[in-house]
Amino acid sequence: MGATRFEYRHRFILHVILFVLGFTAPWMYLPIWPTAGESARALSEPAWLALSTQLYRLGVLTYSDAVHIILVLALLLTALGAFFRIWGAAYIGNATITSGNMRGDRLLADGPYRRTRNPLYLGTILHTLGIALLMPPSGALFAIVTLWILQLRLAFAEESFLTQRFGEAYTAYKNTVPRFLPPLKPLLPSAGTTPHWLSAILGEFYFLGAFLTLAIFGWSFDRNLLHQGLIVSFGIAIVIHGFLLTRKPASAF
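Every chain begins its residue count from 1, and numbering advances along the sequence as written. Reporting in this predicted model follows two pLDDT cut-offs: at least 70 for local features of residues, and 80 or more for side-chain atom pairs to be given and counted; totals over whole chains, interfaces and linings ignore these cut-offs and use all residues. The side-chain numbers reported here are obtained from all heavy atoms of the structure, hydrogens and water having been left aside.

**Student:** Could you clarify how one ought to interpret the packing of aromatic side chains in this entry?
**Tutor:** Both the distance between ring centres and the angle between the ring planes are used here to describe each pair of aromatic rings. Only the six-membered ring of Trp is used, alongside the rings of Phe and Tyr, when aromatic pairs are assigned; centres must lie within 6.5 Å, and planes under 30 degrees apart are stacked while those over 60 apart are edge-to-face, with the rest tilted. Throughout the structure, instances matching the rule amount to 11 aromatic pairs. Consider the rings of Trp148 and Phe180, whose centres lie 5.5 Å apart with planes at 40°: the pair is tilted. In this pair, Trp148 is assigned in helix H8 (residues 137-166) and Phe180 in the loop between helix H9 (168-176) and helix H10 (197-203), connecting sequence segments 32 residues apart. For the exposure calls, accessible area comes from a 1.4 Å probe over protein chains only, and a residue counts as buried if that area is under 20% of its type's maximum, exposed if over 50%, partly exposed in between. For Trp148, a relative accessible area of 38% corresponds to the partly exposed category. Plain terms: the ring middles of Tyr206 and Phe234 are 6.2 Å apart, the flat faces sit at 85° to each other, and that makes the pair edge-to-face. Here the residue Tyr206 occupies a position in helix H11 (residues 205-217), and Phe234 occupies one in helix H12 (residues 223-243), the gap between them amounting to 28 residues. Judged by relative accessible area, which is 15%, Tyr206 ranks as buried. Exposure remark for Phe234: the relative accessible area of 31% places this residue in the partly exposed category. The rings of Phe12, Tyr206, Phe207 and Phe234 are connected pair by pair, giving a single aromatic cluster. Strands here are runs of E lasting at least two residues and helices are runs of H or I lasting at least four, both read from the DSSP assignment and numbered beginning at the N terminus.

**Student:** Before we go on, may I ask you to explain a nonpolar patch on the surface in this structure?
**Tutor:** What goes into a patch is any residue over 30% in relative accessible area without a salt bridge, connected to like charges within 9 Å or, for nonpolar side chains (Val, Leu, Ile, Met, Phe, Trp, Tyr), within 5 Å. Here the Shrake-Rupley method, with its probe set to 1.4 Å, supplies the accessible areas, and only the displayed protein chains count as covering residues. A side-chain nitrogen of Lys or Arg and a carboxyl oxygen of Asp or Glu constitute a salt bridge if their distance falls within 4 Å. Residues Phe12, Ile13, Ile17, Phe234 and Ile238 make up a contiguous nonpolar surface patch of about 430 Å² in total accessible area. Taken together, the elements giving at least two residues each to the nonpolar patch come down to helix H2 (11-24) and H12. Per-element accounting of the nonpolar patch gives the leading share, 3 residues, to H2. One can find Ile13 in helix H2.

**Student:** Even after reading the chapter, I still don't get the packing of H2 against H8, so can you show me in this structure?
**Tutor:** Any two packed helices are characterised by how steeply their axes cross, that is the angle between the axes, and by the distance between the axes. Two elements in contact, H2 and H8, have axes whose closest approach is 8 Å; the angle formed by their N-to-C orientations is 165°. If you check the angle between H2 and H8, you find them roughly antiparallel. In this structure, H2 meets H8 at a crossing whose hand is right-handed. Seen from H2, the contacting residues are Arg11, Leu14, His15, Leu18, Phe19, Leu21 and Gly22; seen from H8, they are Gly139, Ala140, Phe142, Ala143, Thr146, Leu147, Leu150, Gln151 and Leu154. Residues were grouped as follows: Ala, Val, Leu, Ile, Met, Phe, Trp, Tyr, Cys and Pro as nonpolar; Asp, Glu, Lys and Arg as charged; and all remaining residues, including Gly, as polar. Broken down by class, the residue content of the contact of H2 with H8 amounts to 10 nonpolar, 5 polar and 1 charged. Axis geometry follows a simple rule: fit a line to the C-alpha atoms, using only the stretch in contact for helices, then measure angles between N-to-C directions, giving values from 0 to 180 degrees. Orientation labels follow simple angle bins: below 35 degrees gives roughly parallel, above 145 gives roughly antiparallel, 65 to 115 gives roughly perpendicular, and whatever is left gives oblique. The hand of a helix crossing depends on one turn: near helix anticlockwise from the far one by less than a right angle means left-handed, and clockwise means right-handed. Contact between two residues is taken to exist if any of their heavy atoms lie within 4.5 Å; hydrogens are not considered.

**Student:** Sorry if this is basic, but what is going on with the pattern of salt bridges here?
**Tutor:** Pairs may arise between side chains of opposite charge once their charged atoms sit close together. In total, this model carries 4 salt bridges according to the counting rule given. Two residues, Arg117 and Glu159, come together in a salt bridge whose shortest N-O distance is 2.7 Å. Within this pair, whereas Arg117 is found in the loop between helix H6 (94-98) and helix H7 (119-131), its partner Glu159 is found in helix H8, the two being separated by 42 residues in sequence. Summarising the burial analysis for this pair, Arg117 and Glu159 share the class buried. Among the ionic pairs, Arg179 bridges to Glu159, the shortest N-O distance being 2.8 Å. Taken as a pair, Arg179 in the loop between H9 and H10 and Glu159 in helix H8 lie far apart in primary sequence, 20 residues in all. Overall, the relative accessible area of 27% leaves Arg179 in the partly exposed class.

**Student:** Honestly, unusual backbone geometry in this entry has me stumped. Any pointers?
**Tutor:** If a residue is not glycine, its phi is most likely negative; likewise, a peptide bond is most likely trans. The phi angle at Ala25 is positive, at roughly 40°, despite the residue not being glycine. Among the secondary structure elements, Ala25 is positioned in the loop between H2 and helix H3 (37-44). Here Ala25 falls in the buried class, since its relative accessible area comes to 0%. Even without being glycine, Phe221 reaches a positive phi, approximately 55°. Residue position: Phe221 is located in the loop between H11 and H12.

Here is the structure:
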């Protein structure tokens, strides 16, 4: 069930590939799909508009209301995704996040890790749910399912590693703190770890940039502009990662 060494080492590239496939949905161009008229447009339009159309046809909402409500939902999901990514990175450190190997100097149970064992993966899942609304419907479904499976596989691999590394201490932690969904109140007392917010914001810039892209340009309903904003955010994040000096992490998850 856990990710292989290859998957873990190349998890960044795997995420990029799955997102690209979600946005491009290359299978739409296979001969089995309709190639003209209304059907072709329905296959390629963003899930955001396709879902809004269905809600309108069902008489649940007006088309305008549906479009705006779904945009607000996407903003909420991407905001939460960025929040959990930055919060987790502030405690675990960018060096651990970008490392090709699992690392564990000591067991971390502070910050978001008092509520969820995998705030970074939870953030990625929430981000995916929000950004998928900009993908074609089939691409959105593909991205959500495959990225969810990847997060699970990565989490299972880390759990196995940490159980071997820390034994009963990690087992007790695992039995107390849920894998993903966090409760409102922390389940463990604070260990007094100092978060590094600036480093975390820089290291997780793509997720913050994706939220800002939707918040600023989403109201234009311009798909090309939104895609360009995501690409620019990703490009800036790559540059930052190339020059960012990260501190030595206190732990590894």
